[in-house]
Amino acid sequence: MDKFLIKGPSKVRGKVSIPGSKNASLPILAATLLFDKEVIVKNLPRVKDLEVMISLLKSLGSKITLSKDKKTAKIINPKKMKTFANYSIVKKMRGSFLVLGPLVAKHKNSKCSLPGGCNLGARPVNYHLEALKKLGMSYTLKDGYILAKSKGKLKGAVITFPKVSVGATENLIIAACLAKSKTTLHRCAIEPEIKDLTNFLNSAGAKIKWSGRTCIIEGVNSLKQTEYSIMSDRIMAGTFCIAACINQGDLEIENINSKIINTELNLLRRVGARIRCIENKIYIKGPKKIKSIKNIKTKEYPGVATDLQSQLMVLMCKAHGKSNITENIFENRFMHVAELRRLGAKINIQKNTAIIQGVKKLVAAPLMSSDLRASISLVLAGMSAEGESRVDRIYHLDRGAENFEKQLKKIGVNIKRVK
Ligand code: UD1
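Notes on the structure in this doc start here. Quick caveat: nothing in here was measured; it's all calculated off a predicted structure.

Cis peptide bonds are those with omega within 30 degrees of zero, and the linkage from G8 to P9 qualifies with 0 degrees. The topology assignment puts P9 in the loop between β1 (3-8) and β2 (13-17). Look at the link from Y301 to P302: it is a cis peptide, with omega at 10 degrees. By the secondary structure assignment, P302 is in the loop between β18 (296-297) and α10 (309-317). One non-glycine residue, K70, lies in the positive phi region at around 60 degrees. In this fold, K70 is placed in the loop between β4 (63-66) and β5 (73-76). The exposure class of K70 is partly exposed, given its relative accessible area of 47%. Its identity as a non-glycine residue notwithstanding, R393 has a phi of 60 degrees, on the positive side.

Printed below as a string of structure tokens:
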């Protein structure tokens, strides 16, 4: 299993370019199952989760040609496709469940494995299933699989999600594109990745409109050929911004629309960072003295992203004074805390709030990754600690961070991948 060796403390300096967004690519690739015509998707990140989605689509019959740099995919579907999403693939990545909506919408049935829990908690898919039922999908559960079907086309409906969910909103928008008449979805997630999905679908002739957290989808008979470039990864951009703040770094971050991480940039301004945003670039200088922040709370977009919570915690470990971070999205997203304590961090957990007493320095130690974002935060922690840290199980990181160590090396981090 690969690991990172990181010699800290390092000061990041220079330029990084943000790759395409993993969380936007996954639903867009799932949505290509709706098409009979050729689809070209550009700016895909080269990460493991995308390989999983591509192998899932291929197992369903999609013909996919990747460009040499693997950033562009040309996808053509045969008329008759398989509708069986195997557990062996779905268990690797929860995002695979996004194929259920399009398979039922287009082919009227699917046998799709339930994804199961993960390190962030139970992560059920009940909102997806209940909402798809309202569009006319019926289902039973057998041997861990959802056996779903629809008599004829799905039918538009008015649906209010019980709680904001990124995945359920995506599955429903995709499914409703080919449904009869109009679907109105209330209490939708409005993450930029979901807007990217609807821009993609509209580029192919779908009729999707937004009004706040309401999404209105007028069903169409089929989608047209299209070519679409995926948005940049706001979580990776946010991660580099935090990296710049940890040890008085100085970064030029290109290929990112700063508006989509405005909430997090405002937090970093409160920490003391100097930030300028010009066109598609962010210039950020970390402060001499990192100010602590009370009451950071993760929330659905446009709130603070839960996918940046662990990275922000590393920053707060180095702040002057006491900070606290409340995790409101996932029940079990503090797995990195025990690892940060191994570096000398002072963190107390009370229910879903972490109380962090800043320390002058962190000292290197061996660390263990538990999920994608946690593993990224451990790398940041290793960069800020004195001495050589080892971060194990970085396969978690490879799921979603393209060329992370190469990018870090370029900006001055002493990091090495070893077996
Ligand atoms: C997506 C992102 C993930 C991000 C998360 C929250 C992708 C591939 N993943 O995950 O990186 O951290 O949004 O921004 O885009 N829930 C239910 N029942 C459901 C669905 C969700 O109870 O049917 C709960 C979840 O357990 C969680 C909360 O709702 O507590 C939000 O989850 P959701 O927004 O659906 O996250 P994902 O789509 O899984």
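Glancing now at the sheet that holds strand β9 (residues 145-150). Overall, mixed pairing links the 4 strands, which are arranged β6-β7-β9-β8 in an open sheet. Both edges of this open sheet fall to β6 (84-85) and β8 (137-142), since each of them pairs with a single strand only. The sheet contact formed by strand β7 (residues 109-113) and β9 spans 5 bridges and is antiparallel. By the bridge assignment for β9, N109 is matched with K149. In this fold helix α4 (residues 100-107) packs onto β7, β8 and β9, with an angle of close to 165 degrees to the strand it touches most, β7.

Criteria and thresholds
Residues numbered from 1 in each chain as written. Predicted model: local features only at pLDDT ≥ 70, side-chain atom pairs only at ≥ 80, totals over all residues. Heavy atoms only, no water. Helix = DSSP H or I, 4+ residues; strand = E, 2+ residues; numbered from the N terminus. Buried < 20%, exposed > 50% of the residue type's maximum accessible area, 1.4 Å probe, protein only. Pairing = 2+ DSSP bridges. Contact = heavy atoms within 4.5 Å. Axes fitted to C-alpha atoms, helices over the stretch in contact; angles between N-to-C directions.

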